[in-house]
Amino acid sequence: MYEQFKIRAEGVSAEVYHYATKEAALDFLIGFLQGEGLADTPQACALWAECSFLDNLDRNVLKRVPGLKFVVTRELAAEARFGISQMDWALADTGSLAQNSSAIEQRLVSSLSSIHIAIVPTNGILPDMPALLSRVHPGDCAYLAIITGPSRTADIERVLTIGVHGPERLVIVFVDELGGTI
Amino acid sequence: MGNEFKESITKAVNNANLTGALGKFSEAYKVNRAKAYEGIDFEELRGRIAELKSYAASHLDELSEQFASKAESSGAKVFRTNDPAKVREYILKVAQDNNVKTVVKSKSMATEEIHLNPYLEKAGIEVGETDLGEWIIQLAGQTPSHMVMPAIHMTKEEVSDLFSKEVNERLTSDIPRLVKVAREQLRPAFLAADMGISGGNIAVAETGSIVLMTNEGNARLVTSLPKIHIALVGIEKLIEKYADVATILKALPRSATAQLLTSYVSIITGPTPNPDGSMKGLHIILMDNRRSEMAADPKFKQALQCIRCASCLNVCPIFRLVGGHVFGKVYTGGIGTILTAWFDELKKSEDIQGLCIQCGACKDVCPGKIDIPDLIMEIRRRLVLEQGVPLLQKTIYAVVNNRKLFHGMLRAASVAGKPFTSGKFIRHLPLFLADLTDGRSLPAIAAEPFRDRFKKIIQPKLKERVAFYAGCLIDFAYPEMGESLVRILNKAGYEVLFPEDQTCCGAPARYNGAYEVAANNAVDNIKALLSVDATYVISACPTCTVALAHEFISTFESLGQTEWMSEARELANKTIDFSTLVKKLVDEGRLTMKEGQKLGKITYHDSCHLKRTLKVTEQPRELLQRAGYELAEMFECDTCCGMGGSYSLKLPEISAPILQRKLKNIKDTGASTVAMDCPGCVMQIRGGMDQDGTLIKVRHTVELLAEQLIISSQ
Ligand code: SF4
Ligand code: SF4
């Protein structure tokens, strides 16, 4: 299913990576952020929303990376260039990600940033929408967010243009250590 | 049709930006849609959608009740009303109670339907559209021209002019840059807004959830940043089961924009915390505004199966020429005509219902399985009921209902038409005795109609018999087609009968909403055609075939007439179109064509009724190829030629460009002959080729096949 997911997600301009360990994934993430100009200034900082990936990681080490922040507020989210969050599921047949986004922080980092980095446990890959809906009941999830590729529009002369109100890039990082293998 | 309306059409078809953008889009759309549906059984999928939506339509009250109680128990406030005025008042009250100064909106047709923006603005509340297309037209002070792409009629230059004014800086027309500007301009509006207003693509009764879909991500911001969220949902968006969301999500993005899934889908069930820790004020308004009445109407209940994908607009040959503005301010295209007739008023649809040429293209792609052309016909019928038939048409129909008089006039016309004859064409032909307009070559009325020529045909004595229903065009304009048909069937061992009392099939009256007239025609024809003992009733005109096989029955049904119903069914069962019967006879070995003929390139035009109502596409193609033609398919072979009976006379400004497009597609194949199975299409396309001076032969399949049989018999 991972391969199918990757093809579909890349088909809608998402970028897909896969790492076995959190350590490898973290190395990639930091490298990626710095390569894209992460800095402790508005429009260059990164906001990381609470997630299980962060469990057991030494945040004090991470906090020393200039520009990387873990407290999500509206104001900071509005300034951040990068938003990092963990998505719960991935749908192989459409290349989509899904998350219980009832906590506003999760939505702030993924909707206001220019680059959304989504960490996904590898065993979160499901075949399709019916599989997702059978797992997530609205009673336990006030805001189910399903994201497929970056924000897009074709409203001017039907020309597909990426990045309107939402992120212009969606970087997906699967991590086996969070559960599952491919 | 009013002058103002006619002018709006002329303006639209002469707007090169509009027709160019829509034309290119509709071409790309067809290809992309097919790709998006690859590997999916569309018929099965839309069967399920139709079923679940139709169930919801019959249980609107129950589902609204269930939705309200579920949503309320999860913490939302639900307001139910039938009245658009109450919706506006409710929203304003919530705004005022919470001291709301600015509102951001994500796209919602329901708010357009009730003209919410001007109402709130008058009360001093600033309302900002955030969907890029909606924002553009809001800045331009216009209304949406398409349900899914509201600003499709505008060029990037126009957009850059608008944006330049907005940001006080001269911008170029670079599209990615313009999109960036929109992002930068709207971001502060999102962050500052006190209230977000959205529509809802789906409302789930079982769970009290609403589903929102956007590609730009604006609905996520509208529902997340402001402290209050109001969702205005028409009750036709209700479905019963949560699991069925997946069914609609499978079709809606594919049909709307040829995407596998819209970029952002949010399923919201109850309020969520705001960034400051307070709970969001979530209000869901379930608006009826005549939807229950619609559900109670046996005919129009179907329209509630609509999931608002706009694919019916995208494939409509008329819409791609005139765009949305001609249709009015809110809902556009085929389904828009129906929604306008209901949510606004029947009278408002008077002009726009006439835009539909009844080609059926929309019905084929509708994921809600709605028979849009049929519902538009029903609007026509009800308009006629309400307003009566105009005097001129009344006189015409009195004639059409009197076969002897009608045929007498047609004969007279053949004489009267003489002075205008140039070659095989005259300018004015009172064939459907519709409003006379000039503009194209129309065929001369034959000096001797088929009914007279038939008597001179000597047929061999044969055991089996078929009844031939000629229809007005073959009888009075193209009798040679009828003669060809007789020759072919004789070869296959059938004697052809021509019941003399047959008359007009009633389609012209029906398509103008005059069902009583059509019903009288039906009865006359039923009597005539069932009076002879024949295995089949064959017709070489798809419009007539559809009348005999389907419409006599549905006309009686619409009028609640039962007297002739069983005979109508008997006739329907015997009725068969020319190519289907001949293909069958060839397959059975009762007809053979000469082997090894090399007749050159031919292209085939699918007539609307033949392809989409009778579902016949391969039979004529196989027959022509077997006869020795090499088939070269044209682009958009099944797109309407613009004839549509009296449509070409009533709306020549639309019919003409459609015809030109068809002619070009035919010429582009390099074929020297174009075949079709409909004498109406022959009339339109032959007339076009004649005026154009192009030497491409325009022939009915019956003539081409008859030629080959004659050769083979020699
Ligand atoms: S009528 Fe059918 S095709 Fe048209 S918008 Fe509704 S669902 Fe789509
Ligand atoms: S039947 Fe043809 S002309 Fe009429 S609305 Fe549908 S696509 Fe348009």
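Keep in mind it's a predicted model, so treat the numbers as computed, not measured. (Residues numbered from 1 in each chain as written. Chains lettered and ligands numbered in written order. Predicted model: local features only at pLDDT ≥ 70, side-chain atom pairs only at ≥ 80, totals over all residues. Heavy atoms only, no water.)

Engineer: Would you mind going over the environment of P275 of chain B with me for this structure?
Structural biologist: Residue placement: P275 of chain B occurs in the loop between β9 (264-268) and β10 (281-287). Residue P275 of chain B is classed as partly exposed on the basis of its relative accessible area, which comes to 28%. When the C-alpha atoms of P275 of chain B and Y397 of chain B are compared, they prove to be 69 Å apart, with 122 residues separating the residues in sequence. Not counting residues up to four positions away in its chain, the partners in contact with P275 of chain B are R74, I104 and L108 of chain A. (Helix = DSSP H or I, 4+ residues; strand = E, 2+ residues; numbered from the N terminus. Buried < 20%, exposed > 50% of the residue type's maximum accessible area, 1.4 Å probe, protein only. Contact = heavy atoms within 4.5 Å.)

Engineer: Just checking my understanding: could you explain helix α23 (residues 479-491) of chain B for this structure?
Structural biologist: Counting along an α-helix, one turn takes 3.6 residues, and residues three or four places apart therefore face a common direction. For α23 of chain B, with 13 residues, the first-to-last C-alpha span of 19 Å sits near the 18 Å given by 1.5 Å per residue. The complete set of buried residues in α23 of chain B reads P479, M481, G482, S484, L485, V486, I488, L489 and N490 of chain B. (Expected span 1.5 Å × (residues − 1).)

Engineer: Please clarify how the side chain of K22 of chain A should be interpreted in this entry.
Structural biologist: Within the secondary structure, K22 of chain A sits in helix α2 (residues 22-35). With residues up to four places along the chain from it excluded, the contact list for K22 of chain A reads S52, F53, D55, L57, V175, E177 and L178 of chain A.

Engineer: Please clarify how the site of ligand 1 should be interpreted in this entry.
Structural biologist: Around ligand 1, the surrounding shell consists of C306, I307, R308, C309, A310, S311, C312, I335, C366, P367, I370 and I372 of chain B. Its residues assigned to classes, the shell around ligand 1 shows ten nonpolar, one polar and one charged. (Near = heavy atom within 4 Å. Nonpolar A, V, L, I, M, F, W, Y, C, P; charged D, E, K, R; others polar.)

Engineer: Teacher, can you tell me more about the site of ligand 2 here?
Structural biologist: What surrounds ligand 2 is the set C316, P317, I318, G334, C356, I357, Q358, C359, G360, A361, C362 and P373 of chain B. Each residue belonging to the shell around ligand 2 can be placed in one class, and the counts come to nine nonpolar, three polar and no charged.

Engineer: When you look at the packing of helix α26 (residues 542-559) of chain B against helix α27 (residues 565-574) of chain B in this model, what are you seeing that I'm missing?
Structural biologist: If you want to describe how two helices pack, look at the angle between their axes and the distance between the axes. Residue and element names in this part refer to chain B. Where α26 meets α27, the axes come as close as 8 Å, and the angle between the chain directions of the two elements is 165 degrees. Considered as vectors, α26 and α27 are oriented roughly antiparallel to each other. Here α26 runs over α27; the crossing is left-handed. For the pair α26 and α27, contact is made by L548, A549, F552, I553, F556 and E557 and by M565, A568, R569, L571 and A572, respectively. (Axes fitted to C-alpha atoms, helices over the stretch in contact; angles between N-to-C directions. Parallel < 35°, antiparallel > 145°, perpendicular 65-115°, else oblique. Left-handed = near helix turned anticlockwise from the far one by under 90°.)

Engineer: When you look at the confidence of the model for chain B in this model, what are you seeing that I'm missing?
Structural biologist: Parts of the model with low pLDDT should not have their predicted coordinates read in detail. Residues and elements named next belong to chain B. Averaged over all residues, the pLDDT of chain B equals 90, while 93% of them reach at least 70. The low-confidence segment residues 417-440, where pLDDT is below 50, has 67 contacts with residues more than four positions distant or belonging to other chains. Interface confidence in the predicted complex, given as ipTM, is 0.97; pTM for the same model is 0.88. (pLDDT = per-residue confidence, 0-100.)

Engineer: Just to check I follow, could you spell out the pairing of strand β6 (residues 96-100) of chain A for this structure?
Structural biologist: If a strand is regular, its side chains alternate between the two faces of the sheet. Residue and element names in this part refer to chain A. Extensive coverage of β6 is indicated by the burial of four of its five residues. As paired elements, strand β5 (residues 89-91) and β6 share three bridges and run antiparallel to each other. Residue pairing for β6: L91 is matched across the bridge by S96. Sheet topology note: the β6/strand β9 (residues 143-147) ladder contains four bridges and is antiparallel. Along β9, the bridge assignment pairs Q99 with A145. (Pairing = 2+ DSSP bridges.)

Engineer: Is there a simple way to explain unusual backbone geometry in this structure?
Structural biologist: Across the chain, the bulk of peptide bonds are trans and the bulk of non-glycine residues have phi less than zero. The backbone of Q43 of chain A shows a phi angle near 70 degrees, a positive value even though the residue is not glycine. By the element assignment, Q43 of chain A lies in the loop between α2 and β2 (46-48). The residue K615 of chain B is not glycine, and still its phi comes out positive at about 60 degrees. Relative to the helices and strands, K615 of chain B is located in the loop between α29 (608-613) and α30 (618-627). Overall, K615 of chain B belongs to the exposed group, its relative accessible area being 55%.

Engineer: So what exactly am I meant to see when it comes to the sheet that holds strand β3 (residues 126-129) of chain B here?
Structural biologist: What holds strands together in a sheet is hydrogen bonding between their backbones, with the strands either parallel or antiparallel. All names here are of chain B. Overall, parallel pairing links the six strands, which are arranged β1-β10-β7-β4-β2-β3 in an open sheet. With partners counted over all chains shown, the strands left at the sheet margins are β1 (77-81) and β3, one partner each. Pairs of neighbouring strands in the sheet enclose a mean axial angle of 20 degrees, with direction left out of account. Across the sheet, helix α4 (residues 60-73) is in contact with β1 and β10; its angle to β1 comes to roughly 160 degrees.

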